[in-house]
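Examination of the molecular architecture
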Amino acid sequence: MTLIRQYVNAMVNRDSVALSKIFSETAIFVDYCPKDSGRPLIHAYGPEGIDMFFRNQFLFRKFEITDPQIVSDTQAYYYAIYNGYHIRAIATIQEFSDDGEIKRLVVRPA
Amino acid sequence: MGVYIVTGGSGGIGGKTVEILRSQGHEVINVDLKDADICANLATQEGRDHVIKTVHEMYPDGIDGLCCNAGVSGACGNLKLIISLNYFGAVNLAHGLFDLLRKKKGSCVVTSSNTISQGAARPDIADMLNYSQTKPINEERILKIIEKFDDSNLSVGNSIYVTTKYALARWVRRVSASWAANGVRINTVAPGNVSTPMTATMGDNAKAALAALPIPTNYGTDDLMQPEDIANVIVFLVSPLAHGVNGNVMFVDGGTDALLNSEKVY
């Protein structure tokens with residue numbers, strides 16, 4: 001299964017542990033979409049940070065995605081929902097680690 | 001050695017603060033509802049006045065530090081108590097003892113909460129609190145508004161709790177420059193989830209909610225912050241070692257705030 005599909009599956013299933021496992025030790029996750037709703041961007045570093053950040057977001061229902069469409073091995077569209085505010089987003093894996101994990105994934109408004 | 005006043009010093013963070021300060025040889029007065037050097041209900045103006053009068057009688061030459069730690073959680077089921085104790089119990093007492101702090105160029109530390117950065121505060125109520133100054137009539141007005149809220153709703157309780165802690169931190173920031181110009185430093189600590197007798201016996205749902213506020217320094221465990229983690233920072237802030245620190249909101253949460261709000265560097 002491609003990493004982008006694993007990413008989408010983890011997001012849809014609200015599984016922070018599965019999400020964290022596809023990122024490398026020095027991975028960076030950046031999501032610029034919240035800026036469209038007047039909030040700061042999301043920046044999470046490393047698998048443990050990604051696990052903890054999204055555990056919080058998923059449990060308190062601050063964040064979820066819906067209607068995902070995988071368009072390539074590195075990109076997927078979806079509606080990202082931040083505290084009920086819907087934004088059409090595109091997630092792009094920009095860099096892989098030598099071990100084939102995600103080293104940098106960026107989400108922007110689509 | 002100095003003279004320090006600690007509210008809520010009969011247990012938890014306040015208790016550890018008393019313990020550490022005493023172990024350093026300081027004279028410490030614990031102000032609490034019971035089992036204290038001065039027993040008083042800081043949720044009432046009468047209780048605050050009693051403490052202010054007693055401390056003035058005991059230490060007319062001044063005090064070196066005041067640690068305003070007494071408070072209740074959002075789950076206590078009494079919204080008026082949250083407002084009166086958490087906010088007015090700290091602010092009114094600090095104002096009442098300010099002249100004694102000024103005499104010895106002392107410092108004040110107020111206990112807030114790391115939840116202040118998580119967006120649950122009610123800005124309207126926080127504005128009312130900060131606008132109220134220390135006039136009892138304003139406290140009464142706010143309590144009349146609060147009594148219309150649903151105190152059986154835990155999220156309302158949490159929101160009011162966060163509001164009082166946010167307003168406290170903002171009050172500290174607002175007065176800090178003037179107080180420092182008068183020789184008195186004032187700062188606040190913002191603890192994360194701390195282990196208490198209550199958290200030791202909570203149910204699975206409550207534990208899951210706590211786990212959703214991860215403590216990075218305790219990653220991979222269910223451990224909460226320990227009272228001494230917070231107390232050590234309070235003792236530092238109230239000490240002369242923190243001479244250059246004023247108007248600061250210091251998060252003592254093992255990195256939870258940095259995790260959830262990494263873009264807020266100021």
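Scroll up to find the structure.
Residues numbered from 1 in each chain as written. Chains lettered and ligands numbered in written order. Predicted model: local features only at pLDDT ≥ 70, side-chain atom pairs only at ≥ 80, totals over all residues.

Some words on the overall build of chain A
Counting its regular elements, chain A contains 3 helices and 6 strands. Tracing chain A from N to C terminus, the helices and strands come up as α-α-β-β-α-β-β-β-β. At 12 Å, chain A has a C-alpha radius of gyration in line with the 13 Å of a compact globule built from 110 residues. By its C-alpha atoms, chain A is 35 × 30 × 25 Å across when sized along the principal axes. (Helix = DSSP H or I, 4+ residues; strand = E, 2+ residues; numbered from the N terminus. Rg over C-alpha atoms; globule rule 2.2 N^0.38 Å.)

Digging into the overall build of chain B
Broken down by element type, chain B carries 10 helices and 7 strands. For a compact globule of 266 residues, the expected C-alpha radius of gyration is about 18 Å, and chain B comes in at 17 Å, within 12% of that figure. The principal-axis extent of the C-alpha atoms belonging to chain B is close to 50 × 40 × 35 Å. Among the 266 residues that make up chain B, the fraction classed as buried is 45%. Counting only contacts in chain B whose residues sit at least 6 apart along the sequence, the fraction spanning at least 24 positions is 77%. (Buried ≥ 20, exposed ≤ 12 C-beta atoms within 10 Å, placed from the backbone. Contact = placed C-beta atoms within 7 Å.)

A few points about the pairing of strand E4 (residues 65–68) of chain B
Residue and element names in this part refer to chain B. Of the two faces of E4, the one carrying Gly65 and Cys67 and the one carrying Leu66 and Cys68 are both buried. Across 3 bridges, strand E1 (residues 3–7) lies against E4 in parallel orientation. Bridging across to E4, Val6 finds its partner in Cys67. You can see the chain leave E4, run along helix H3 (residues 79–103) and come back into strand E5 (residues 107–111), and the turn it takes is right-handed. (Pairing = 2+ DSSP bridges. Right-handed = clockwise from strand over helix to strand, strands pointing away.)

Re the environment of B:Val109
Residue and element names in this part refer to chain B. One can find Val109 in strand E5. For the pair Val109 and Leu143, spaced 34 residues apart in the sequence, the C-alpha separation amounts to 25 Å. Non-local contacts of Val109, meaning those with residues more than four positions away in its chain, are made with Cys67, Asn187, Thr188, Val189, Ile234, Leu237 and Val238.

Structural notes on the packing of helix H4 (residues 123–131) of chain B against helix H6 (residues 154–181) of chain B
Residues and elements named next belong to chain B. H6 packs onto H4 with a crossing angle of 45° between their chain directions and a minimal axis gap of 9 Å. Classed by the angle they form, the pair H4 and H6 counts as oblique. Seen along the crossing, H4 lies across H6 with a hand that is right-handed. Residues Ile125, Ala126, Leu129 and Asn130 of H4 form the contact with H6, whose participating residues are Ile160, Thr163, Thr164, Tyr166, Ala167, Arg170 and Trp171. (Axes fitted to C-alpha atoms, helices over the stretch in contact; angles between N-to-C directions. Parallel < 35°, antiparallel > 145°, perpendicular 65-115°, else oblique. Left-handed = near helix turned anticlockwise from the far one by under 90°.)

A short note on the interface of chain A and chain B
With 11 residues of chain A at the contact, the number on the chain B side is 11 residues. At 7 residues, helix H3 (residues 46–59) of chain A tops the list of elements feeding residues into the side of chain A that touches chain B.

What about the environment of A:Tyr85?
Within the fold, A:Tyr85 resides in strand E5 (residues 85–96). Remark: the alpha-carbon pair of A:Tyr85 and A:Asp36, spanning 49 residues in sequence, is separated by 9.6 Å.

Regarding the sheet that holds strand E4 (residues 75–82) of chain A
Residues and elements named next belong to chain A. Strands sit in the order E2-E1-E6-E5-E4-E3 across an open sheet of 6 strands; the sheet is mixed. With partners counted over all chains shown, the strands left at the sheet margins are strand E2 (42–45) and strand E3 (63–70), one partner each. In this sheet, neighbouring strand axes are inclined to one another by 20° on average, regardless of whether the strands run parallel or antiparallel. When E4 meets E5, the two strands line up antiparallel, connected through 8 bridges. By the bridge assignment for E5, Ala80 is matched with Ile87. Those strands touched by helix H1 (residues 3–12) are E3, E4, E5 and strand E6 (102–109), and its axis lies near 145° from that of E3. H3 rests against strand E1 (23–31), E2 and E3 of the sheet, and its axis sits at about 45° to E1.

Focus: H4(B)
Residue and element names in this part refer to chain B. Of the positions making up H4, those classed as buried are Ile125, Ala126 and Leu129. An end-on view of H4 places all buried positions within 100° of arc, on one side of the element. Counted as exposed and oriented over 90 degrees from the buried face of H4: Pro123, Asp124 and Tyr131. The elements touched by buried residues of H4 are H3, helix H5 (136–146) and H6. Gln133 occupies a position one or two residues after H4 and carries a positive phi of about 55°. (Arc of directions from axis to C-beta.)

Looking at unusual backbone geometry
For A:Asn83, which is not glycine, the phi dihedral falls at a positive 50°. Positionally, A:Asn83 belongs in the loop between E4 and E5. Judged by C-beta crowding, with 13 C-beta atoms within 10 Å, A:Asn83 ranks as partly exposed. The backbone phi angle of B:Asp35 is positive, close to 55°, even though this residue is not glycine. Inspection of the secondary structure assignment puts B:Asp35 in the loop between strand E2 (27–32) and strand E3 (38–39).

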